[in-house]
Amino acid sequence: MRIFDPHIHMTSRTTDDYEAMRDAGVRALVEPAFWLGQPRTNVGSFVDYFDSLLGWERFRAAQFGIAHHCALALNPKEANDPRCSEVLDVLPRYLVKDGVVAVGEVGYDSMTPEEDDAFARQLELALRHDLPVLVHTPHRDKQEGTKRTLDVVRESGLAPHRVLVDHLNETTVKMVADAGCWMGFSVYPDTKMDETRMVALLAEYGTERMLVNSAADWGRSDPLKTRKTGLAMLDAGFGESDVDTVLWRNPVEFYGQSGRLELEPVAAGAVDAATGSSVLRGER
Amino acid sequence: MTFHLGYGTNGFANHRLDDALAVIADLGYTAVALTLDHHHLDPFADDVGKQTEQVATRLQELGLRVVVETGARYLLDPRRKHHPTLVSEDQEVRVDFLVRAKQIAADLGADCVSFWSGVGSPDAWDHLKSGVAAVLETGPSVPLGLEPEPGMVVERLDQALRLRTELGNPDLLRITLDVGHCVAVEPQDAAACIRQAGELLVNVQLDDMLPGVHEHLEFGEGQLDLPATLAALTGIGYTGVAAVELPRHSHAAPDVAARALRALRAAQWLADAERAVRADPAAIDTLFPAAGRAVGAGQDAARVRLLTAFADVADDPADGLTRLYRYGTSAERRGVLCGLAEVGDRAPAAGVALVEDALRSNETDLVAAALGPFATRHLGRHAWRHGVLKCLFMGIPLTAVDGLDRHSDAELLRMVAAFADERRAAGRPVPADALALLGKAS
């Protein structure tokens, strides 16, 4: 089973996770920029984070044979803090980089005017930089938030196939399917989807434009949920090709629209990565 | 309008002509250099007129512009390669062939017929001139491109130009230039040859070569400066065909042709990017990041060239270098560090700050790139020694360190010896590079 996790926050994960992911078949991933649990208080904090997603985290992933890409954005939660929103002026400098395959996560958290503004401006940036967009849908008032998300996307002039609307569930999938956007599902313990419900949605809606991610981050989450969903699909009678469509071909097709996917991991520098299971610091 | 990138069918000798044209067009070339040969539009075939018509249709369907080449090896004589030539006694055989080629070129709507002089004595100069004159006078009005060919009577551009002058500068006698030949035998580089040929240039062959060796190589295997060569073609306003000339690579033609086009596109991107940066140094902000996907494997070298162009025109190179590094990805930072060897002397304080930053990082690529010639020249001895030791810690081969042998000193050796002792005490292997360094000193 080859796996492309289209949404996972590796910055918060350990080398044990990288090792287990590689063993489970994960060969590529996209790490979208989001909040870190602890709120940021200034633009510099974002800049260091973006550098980390383009530098250190990519380097770390390469040691485990995993191709690391990222999506960059000001996330909706922090769009509400005026000390942070100026990062939108720095963002264009980063959207031209190799390894940046989308603008994201953008979207709504509490549906404030500040979030409206940041969302619209970043959709415009995506258009200008010819990048697809990863949209987060809110935890609270999800249906209304998803509906409003689709309205904003429609007004932006972005084609629906350039947009992935994420964290969907039984109550929000249909409107996104009808809008023609890609549909993302986070299989994440307790708060989002689980494997069984995911398989039921795949049975109902088919595999086209459907993406499954672990969204693993600093919360109680599981970076192997992609594989577990694949296994649940097989148990439910889906074929290997269906699993490959959902866990590999769909994310490759969606993020491939950036023209910047590099599915061979960037060489891990001057060091033979095969010999070490963790980052080299002289322990060999 | 710019020139048309093409591929020579003599590099597809194991393909049917129709197939070769399709493969070349499918790869993305927009032109072809068609070498007339016994199996590729034989000018001596009874139905050559009909065949020419079919090829013309095919070229049109595929959208390929065409030049006619006449360098087939055994078309006129099955035993002697390239024989007879314009410097042979039986020159009329070659003249007849070239006139047939002109007719085919006219029927195909080709830009020109390209030809060379032949191997022989310099005494054959006048004989050659009369042969060229005969070809010019006979048949349809088609431009001829005289190609200087290493080892032949006309092997350099100045000789081709002299022959033209002596013939009274006929309008239809122009120049074909093989840029690889320029590397092999010309006293100046290919870009300078292109500028010298100027308006007389009617056909260009593209390949790499080493000085003094007439062997057609794939791009990157010789010493041709491809971006500068393409920039020179743009510079003189050349709008004709520039076709890859790799006649000894037919066994792997489709792969070789695909690689060549990738190299040409990367070089073209770089040539355009250098020009853009020289016109407006601020352009480097978007071009420097894009170099990775535009150029691929050669991205470090490409970024060094962009930095060189930038440093030549920027008001404050130090500020620019610092900014590109500060907002750079790992690959961009590596590019800046590599570039310090070329441009760092113009901003030594800023350069040292960047090297120090890279040496604080834990990315092997950055640490390795930081210890280049710039660090040897400008970094403090203490920091440099710690950089070398860090390489040993991180498993970076010491070949990454510029000037290690010259700059090793007693203090460095003491540090490395202590490091080796510590490794042994922990029961861990001592890196071979550390032992080698200590061994050389003892």
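Residues numbered from 1 in each chain as written. Chains lettered and ligands numbered in written order. Predicted model: local features only at pLDDT ≥ 70, side-chain atom pairs only at ≥ 80, totals over all residues.

Observations regarding the overall build of chain A
- In terms of regular secondary structure, chain A is built from 10 helices and 8 strands.
- Relative to the 2.2 N^0.38 estimate, which gives 19 Å for 284 residues, the radius of gyration of chain A is 18 Å and therefore close to what a compact globule would have.
- In terms of principal-axis extent, the alpha carbons of chain A reach across some 55 × 50 × 35 Å.
- For chain A, with 284 residues in total, the buried portion stands at 49%.
- Considering only contacts within chain A whose residues lie at least 6 apart along the sequence, 74% involve residues at least 24 apart. (Helix = DSSP H or I, 4+ residues; strand = E, 2+ residues; numbered from the N terminus. Rg over C-alpha atoms; globule rule 2.2 N^0.38 Å. Buried ≥ 20, exposed ≤ 12 C-beta atoms within 10 Å, placed from the backbone. Contact = placed C-beta atoms within 7 Å.)

Quick word on the overall build of chain B
- Counting its secondary structure elements, chain B contains 20 helices and 10 strands.
- Taken over the C-alpha atoms alone, chain B extends approximately 85 × 45 × 40 Å along its principal axes.
- When burial is assessed residue by residue, chain B has 49% of its 442 residues classed as buried.
- Across chain B, contacts joining residues at least 24 apart in sequence account for 75% of those joining residues at least 6 apart.

Structural notes on unusual backbone geometry
- Of the consecutive residues G104 of chain A and E105 of chain A, the connecting peptide bond is found in the cis state with omega at -10 degrees.
- On the secondary structure map, E105 of chain A appears in strand β4 (residues 100-107).
- Across the junction of H83 of chain B and P84 of chain B, the peptide omega takes the value -15 degrees, indicating a cis bond.
- Of note, P84 of chain B is situated in the loop between β3 (65-69) and α3 (91-108).
- Phi angles above zero are rare outside glycine, and D141 of chain A is one such case at about 55 degrees.
- According to the C-beta neighbour criterion, D141 of chain A is partly exposed, with 14 such atoms within 10 Å.
- Notably, R209 of chain A is not glycine yet its phi reads approximately 60 degrees, a positive angle.
- Tracing the backbone through its elements, the reader meets R209 of chain A in the loop between α8 (195-205) and β8 (210-213).
- Note on R209 of chain A: 19 C-beta atoms within 10 Å, which makes it partly exposed.

Here's the deal with the sheet that holds β8 of chain A
Residues and elements named next belong to chain A.
- Pairing is parallel in the open sheet, where 8 strands are placed in the order β1-β2-β3-β4-β5-β6-β7-β8. A strand with exactly one partner marks an edge of an open sheet, and here the two such strands are β1 (3-5) and β8. When strand polarity is set aside, the average angle formed by the axes of neighbouring strands in this sheet is 25 degrees.
- Sheet analysis places strand β3 (residues 67-72) next to β4, joined by 3 bridges and oriented parallel. Directly across from A71, in β4, lies its bridge partner A102. (Pairing = 2+ DSSP bridges. Axes fitted to C-alpha atoms, helices over the stretch in contact; angles between N-to-C directions.)

Here we look at the pairing of β8 of chain A
Residues and elements named next belong to chain A.
- Residue alternation in β8 divides its side chains into two sets, M210 and V212 and L211 and N213, and both sets are buried.
- The pairing of strand β7 (residues 182-186) with β8 spans 4 bridges and is classified as parallel. The residue of β8 that forms the bridge with G184 is L211.
- Where the polypeptide runs from β7 across α8 and back to β8, its parallel neighbour, the crossover connection is right-handed. (Right-handed = clockwise from strand over helix to strand, strands pointing away.)

Overview of the nonpolar core
- Membership of the largest hydrophobic core comes to 139 residues, with the highest contact counts inside it found for V32, V66, V68, A243, L306 and L337 of chain B.
- With 11 residues, helix α9 (residues 253-279) of chain B is the single largest residue contributor to this core.
- When residues are assigned to domains, this core turns out to be shared by domain 1 (4-272) and domain 2 (280-407) of chain B, each giving three or more.
- Residues contacting A243 of chain B, with those up to four places away along its chain left out, are G6, Y7, G8, A31, V32, A33, V67, Q205 and L206 of chain B.
- Listed in part, the 78 residues of the second largest apolar core include V87, M183, M210 and M233 of chain A. (Core = buried A, V, L, I, M, F, W, Y, C linked by C-beta atoms within 7 Å. Domains from an automatic or database assignment.)

Looking at the UniProt feature "domain: Xylose isomerase-like TIM barrel" (unreviewed entry) in chain B
- With numbering matched to this structure, UniProt assigns "domain: Xylose isomerase-like TIM barrel" (unreviewed entry) to residues 22-266 of chain B.
- Within residues 22-266 of chain B, the helical portion is 41% and the strand portion 16%, while the C-alpha atoms at the span's ends are 23 Å from each other. (UniProt positions renumbered as here; feature names shortened; annotations may be inferred.)

Examining the domain arrangement of chain B
- We note that the domain assignment places domain 1 (4-272) and domain 2 (280-407) within chain B.
- Taking only C-alpha atoms, the centre of domain 1 of chain B and the centre of domain 2 of chain B are 42 Å apart.

Regarding the sheet that holds strand β2 (residues 31-35) of chain B
Residues and elements named next belong to chain B.
- The strand order around the closed barrel built from 8 strands is β1-β2-β3-β4-β5-β6-β7-β10, with neighbouring strands paired in parallel fashion. Averaged over all pairs of adjacent strands, the angle between their axes in this sheet comes to 30 degrees, without regard to strand direction.
- For strand β4 (residues 113-115) and strand β5 (residues 144-146), the ladder comprises 3 bridges, and the chain directions are parallel. Across the sheet, the residue bridging to S114 is G145, located in β5.

Some remarks on α8 of chain A
Residue and element names in this part refer to chain A.
- Those residues of α8 that sit buried are E195, M198, V199 and L202. Down the axis, α8 shows its buried residues gathered within 100 degrees of arc, on one side only. Of the exposed residues in α8, those oriented more than 90 degrees away from the buried face are T196 and E204.
- In this structure, the buried residues of α8 make contact with β7, β8, α9 (225-235) and α10 (240-256). (Arc of directions from axis to C-beta.)

Some thoughts on the packing of helix α1 (residues 17-27) of chain B against α9 of chain B
Residue and element names in this part refer to chain B.
- At a minimum axis distance of 10 Å, the contact between α1 and α9 shows a crossing angle of 30 degrees. The orientation of α1 relative to α9 falls into the category roughly parallel. The handedness of the crossing between α1 and α9 is right-handed. From α1, V23, I24 and L27 reach across to α9, where they touch P254, A257, A258 and L261.
- Residue classes in the contact of α1 with α9 are distributed as 7 nonpolar, no polar and no charged. (Parallel < 35°, antiparallel > 145°, perpendicular 65-115°, else oblique. Left-handed = near helix turned anticlockwise from the far one by under 90°. Nonpolar A, V, L, I, M, F, W, Y, C, P; charged D, E, K, R; others polar.)

Side note on the pairing of strand β10 (residues 241-244) of chain B
All names here are of chain B.
- Residues of β10 alternate between two faces, with V241 and A243 on one and A242 and V244 on the opposite face, all of them buried.
- Of the pairings in the sheet, the one linking strand β1 (residues 4-8) to β10 comprises 4 bridges and is parallel in character. When the sheet's bridge partners are listed, Y7 is paired in β10 with V244.
- Pairing of strand β7 (residues 201-206) with β10, which is carried by 3 bridges, proceeds in the parallel orientation. If you follow L206 over to β10, its bridge partner there is V244.

Brief notes about the packing of helix α2 (residues 43-54) of chain A against helix α4 (residues 87-95) of chain A
Residue and element names in this part refer to chain A.
- For the pair α2 and α4, interaxial distance at closest approach is 10 Å and the crossing angle is 20 degrees. As judged from the angle between their axes, α2 and α4 are roughly parallel. Crossing of α2 over α4 shows right-handed handedness. In this structure, α2 contributes V43, F46, V47 and F50 to the contact, and α4 contributes V87, V90 and Y94.

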